[in-house]
Amino acid sequence: MQRFAENFALVFLCVLFLSFFLPSPVLAAQTQVERTPLTLEILQERLGKPTLREGNLTVDLRQMVIDLRPENSSFRDTFYQLLRKELQKAGAKPLGLDLSYSVIQGDFVGSDLGLRTPLYAQAIAPIFTATEQAQLESLRLVCLQSLAIALPNSKDCRSLLATDANSSGEINVFRGTLTLVNTRFNGQVQFLNTFFLQSVDAQNATFLQPINWSEARFSRLVSFMNATFRQASNFSGSIFFDKANFKQVQFLETADFHGSFFQENANFNQSLFKQLAKFNKVQWQGNVNFSDVRFANQVQFTKANFNQFLLLTEATFEQAVSFREAQFNQSVNLRGASILNLADFSDASFTKTAFLNVPGLSFNSNQAKILGNLGQIGKMFCVPNLFGNQNVLRNLGQNFRQQQQIADANQIEYTKQRLRLIELSQSLLRTNINSASITRLINLGFSATQAEAISNRRTLRMFRYGSELLTLADIDLETYNKLSNRLSFGEPLALSGWILQAWSCFALTLLLLLSGYGTNFWLAFGVGGVAIAYFGLLFWLVDRYRRLRPVPIIPTYYETVSILLGFSCVEFFSLLAIFRNAEQPWLTLGCLFIIIIPVPITLIFRLYQQGRYHDLMDVSYFTEDGTFRQLRLLIGRLPVIPRNATFRERYMPLLSDRRWNWLNYYDFSLNNLVRLGFNDIRLRDQHLPGIIAALAWYQWSLGVIYITLILWTLSRTIPGLNLLIYLK
């Protein structure tokens, strides 16, 4: 009996505990929204006693069940009649409508609640205040802005832009606020051609049937945050004068925004577009946020105009996305985005400040494609650093090579190598945190405690990434931001490794500046043209201007003018090619001048300083093959004639008394650099100053490197040429 009493007491305590801490079904039911069926009596009562919320008079129809189905037509007609009458009353304060937490059964024709009015200032109804009239007249300015892109199709814009005042259109004007928080619409919703003068708040609203907000005008803030559209949603031709918030909205069927106008920022963050999304010809004047958006079907931004930043970070495009003929005035952020099918940027235009920021882009070139104009789209891709983005650049390059867009693939390769050069130079010039002494760390700006903490940490494990510094308790964010751009991370370099890396950095710099890393033939062509004209002028100078005393050996006035004119023409077109094709033309010229100026100028200065005292002073140093004259490719040619006497008979000195003789010096320079010439011109082997021979051999040596650079560039810029070169 005692044991039974103990068990009973235990059960009683458990039941008592559960009754206190667990909600009962009755309490749970009370937490749900209790809706009241709307009757005409309740409607008239609420219309007679509007509530004041946030400074706005509002008809309070919250938590109602409003039956507007055809079988309840009597109530429906009276509902619209009474509500329209009150909403259109004249007064200093417009009357708003609050349908929050209500259920609307049947179709809701919201446009019938607005006041129908012409748009011209002289015809606007006197019910509107001066502020409201100014809001209505602002529509004309937006229509004019749209006219700069395309002719507006909406009736109100076409009537405002028409020259005939009799063609004036009308629009439904909703003067007060419209609140639809957590409202459920079981039927269709129509606000066609409606001008909302106050804010529209439809957060968490649910639309079970198609909605039509086409050619609506939202003068104030509009929010559909967390709303759900179960059927097609139509916002085509709408104008959003203020911020538009579509954050976390679910579009389960077609979403149509084509031809709309967003004057301020638009936010579609974390939304879902399950079916086709149409944003064709949309004008975005403010920033556009599509971050973390999932496009499960096709999305169209054809002929859209993005005036500010477009954010597509972490967005997912499961089907094709089209930006054909779109205009971008600022950057497009695709950081971490996923392109699983097709992204089409054909005929899209980018301003100088616009580019595609693609770090961390998830893109598989074997399954997806990125399309764009040949020779243009490759220049638009940008990543901040090579680390973590090598796979992105590799896939982009492979994508364009598969489409035979070699110029764009080469541009991606150029971007990759430019970032590689930055990494190499940083590792050479920055202080390696894994090898720097404590004194060096303190001199950089770390405190003694921080330097000691770094030293203790790297004895256990080396730093590989800059962010690992923040794992130390003594390193604060301010210090990290201040010093991170002066530090390098990774394996410390030994002296031999540092030298090899410095050589790699130097060679890569030359390749990038002189040929765009083998991706720009015209840049390499311009570099060669500058060198050919320069050396041709030098060879003419040392050959024709020998001495002034006792017997002058100098060129004629005609010859001097002719060669200077030829030099100017070749240099002009060569510099034009460099400045049109080089990303940093002045650095390219600086690099080229370092190669072609110091050594030749030093040799020539020494030549004129010591003078020339040898036989055959009145005979040219240069000889030409007198047996035939033709355009020839002289791959194995050397700059000096062979020693055999038969060659001395075959190679004859240049004729200095001919008016066209100055062309031979450019021909010799062309032979030396690219192994191509109209005649086989070489230096004589008798009574030749060693300095002149050294000058010719110096250019010949540069020619070997230049020929290799040209062939490598051609093999990368012309499909199939690399195979032809290898077969030869």
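Residues numbered from 1 in each chain as written. Predicted model: local features only at pLDDT ≥ 70, side-chain atom pairs only at ≥ 80, totals over all residues. Heavy atoms only, no water.

Novice: Is there a simple way to explain the nonpolar core in this structure?
Specialist: Soluble globular proteins tend to pack their nonpolar side chains together in the buried interior. In this structure, Trp213, Trp284 and Phe290 are the most contacted members of the largest nonpolar core, which totals 96 residues. Those elements that place two or more of their residues in this core are α3 (40-48), β4 (64-67), α4 (73-87), β5 (95-98), β40 (342-345), α7 (390-402) and α8 (406-429). In terms of residue count, α4 provides more of this core than any other element does, five residues in total. Dropping the residues within four chain positions of it, Phe290 is found in contact with Phe268, Phe273, Phe279, Trp284, Phe295, Phe301, Leu310, Leu311, Leu312, Thr313 and Ala315. Ranked by size, the runner-up nonpolar core spans 44 residues in total, among them Tyr621, Tyr665, Leu683 and Ile692. (Core = buried A, V, L, I, M, F, W, Y, C linked by side-chain atoms within 4.5 Å. Buried < 20%, exposed > 50% of the residue type's maximum accessible area, 1.4 Å probe, protein only. Helix = DSSP H or I, 4+ residues; strand = E, 2+ residues; numbered from the N terminus. Contact = heavy atoms within 4.5 Å.)

Novice: Which parts of the structure should I look at to understand α7?
Specialist: Its 13 residues place the ends of α7 18 Å apart at the C-alpha level, agreeing with the 18 Å of an ideal helix rising 1.5 Å per residue. Among all positions of α7, only Val392, Leu393, Asn395, Leu396, Gly397, Asn399 and Phe400 are buried. For α7, the elements touching its buried residues are β43 (362-363), β44 (369-372), β45 (381-382) and α8. Note on α7: the residue one or two positions beyond its end, Gln404, has a positive phi of about 60°. (Expected span 1.5 Å × (residues − 1).)

Novice: Before we go on, may I ask you to explain the pattern of salt bridges in this structure?
Specialist: Pairing between side chains of opposite charge can happen when the charged atoms of each approach one another. Enumeration according to the criterion identifies 15 salt bridges in this entry. Its salt-bridge partner being Arg76, residue Asp77 comes within 3.6 Å of it at the nearest N-O pair. Accessibility expressed as a relative area gives 45% for Asp77, which makes it partly exposed. Of the charged contacts, one joins Asp680 and Arg637 as a salt bridge, the two residues approaching to 3.6 Å between their closest N and O atoms. Of this pair, Asp680 sits in the loop between β51 (676-677) and β52 (681-683) while Arg637 is found in the loop between β49 (632-633) and α17 (645-650), placing the two residues 43 residues apart along the sequence. Like Arg637, Asp680 is buried. Three or more residues joined by partner-sharing salt bridges are found here, namely Arg53, Asp60, Arg62 and Asp98. (Salt bridge = Lys/Arg side-chain N within 4 Å of Asp/Glu carboxyl O.)

Novice: Hey, could you run me through the packing of helix α13 (residues 521-544) against helix α19 (residues 690-717) in this one?
Specialist: How two helices sit against one another is set out by the angle between their axes and by the gap between those axes. At their nearest, the axes of α13 and α19 sit 11 Å apart, and the two run at 165° to each other. Looking at the two axes, α13 sits roughly antiparallel to α19. With respect to the hand of their crossing, α13 and α19 are arranged in left-handed fashion. Judged by residue contacts, Phe521, Ala524, Phe525, Gly528, Ala531, Phe535, Phe539 and Val542 of α13 engage Ile692, Leu695, Ala696, Tyr698, Gln699, Leu702, Tyr706, Ile710, Thr713, Leu714 and Thr717 from α19. In the contact of α13 with α19, the residues fall into 15 nonpolar, four polar and no charged. (Axes fitted to C-alpha atoms, helices over the stretch in contact; angles between N-to-C directions. Parallel < 35°, antiparallel > 145°, perpendicular 65-115°, else oblique. Left-handed = near helix turned anticlockwise from the far one by under 90°. Nonpolar A, V, L, I, M, F, W, Y, C, P; charged D, E, K, R; others polar.)

Novice: Would you mind going over the packing of helix α12 (residues 495-515) against α19 with me for this structure?
Specialist: Taken N-terminus to C-terminus, the directions of α12 and α19 make an angle of 70°; their axes are 12 Å apart at the nearest point. Accordingly, the angle class assigned to the pair α12 and α19 is roughly perpendicular. As for how α12 packs across α19, the hand of that crossing is right-handed. On α19, the residues touching Leu511, Leu514 and Ser515 of α12 are Leu709, Trp712 and Thr713. Among the residues making up the contact of α12 with α19, the classes are represented as four nonpolar, two polar and no charged.

Novice: Looking at this structure, how should I read empty space enclosed by the protein?
Specialist: Gaps left between atoms show up when a probe the size of a water molecule is rolled over them. Considering all chains together, one arrives at two cavities of 30 Å³ or more under this definition. Taken as a whole, the largest cavity spans an internal volume of roughly 40 Å³. The wall of the largest cavity is formed by Leu312, Phe317, Val321, Phe323, Leu334, Ile339, Ala343 and Phe345. Its residues assigned to classes, the lining of the largest cavity comprises eight nonpolar, no polar and no charged. The calculated volume of the second largest cavity comes to roughly 30 Å³. Lining the second largest cavity, in full, are Leu87, Leu95, Leu113, Gly114, Val173, Phe174, Arg175 and Gly176. Residue composition of the lining of the second largest cavity, grouped by class: five nonpolar, two polar and one charged. (1 Å grid on protein atoms, 1.4 Å probe; cavity = no way out; pocket = protein on both sides within 12 Å on 5 of 7 lines; lining within 4 Å. Points joined across faces, edges and corners; volume = space filled by probe spheres on them.)

Novice: Would you mind going over the packing of aromatic side chains with me for this structure?
Specialist: Two descriptors summarise a pair of aromatic rings, namely the distance from one centre to the other and the angle between the planes of the rings. The tally for this structure, following the rule as stated, stands at 75 aromatic pairs. Consider the rings of Phe195 and Phe241, whose centres lie 5.8 Å apart with planes at 20°: the pair is stacked. Note that Phe195 is positioned in strand β13 (residues 194-196) and Phe241 in the loop between β21 (239-240) and β22 (244-245), a separation of 46 residues in sequence. Look at Phe290 and Phe295: their rings are 5.9 Å apart centre to centre, the planes differ by 45°, and that puts the pair in the tilted class. The buried category is assigned to Phe290, whose relative accessible area is 0%. Accessibility expressed as a relative area gives 1% for Phe295, which makes it buried. Directly above the aromatic system of Tyr621 lies the positively charged group of Arg546, at a separation of 4.0 Å from the ring centroid. The residue whose ring lies beneath Arg659 is Tyr558, and the NZ or CZ to ring-centre distance is 3.9 Å. (Phe/Tyr/Trp six-rings, centres within 6.5 Å; stacked < 30°, edge-to-face > 60°. Lys NZ or Arg CZ within 6 Å of the ring centre and 35° of its normal.)

None of this, on its own, says anything about what the molecule does.
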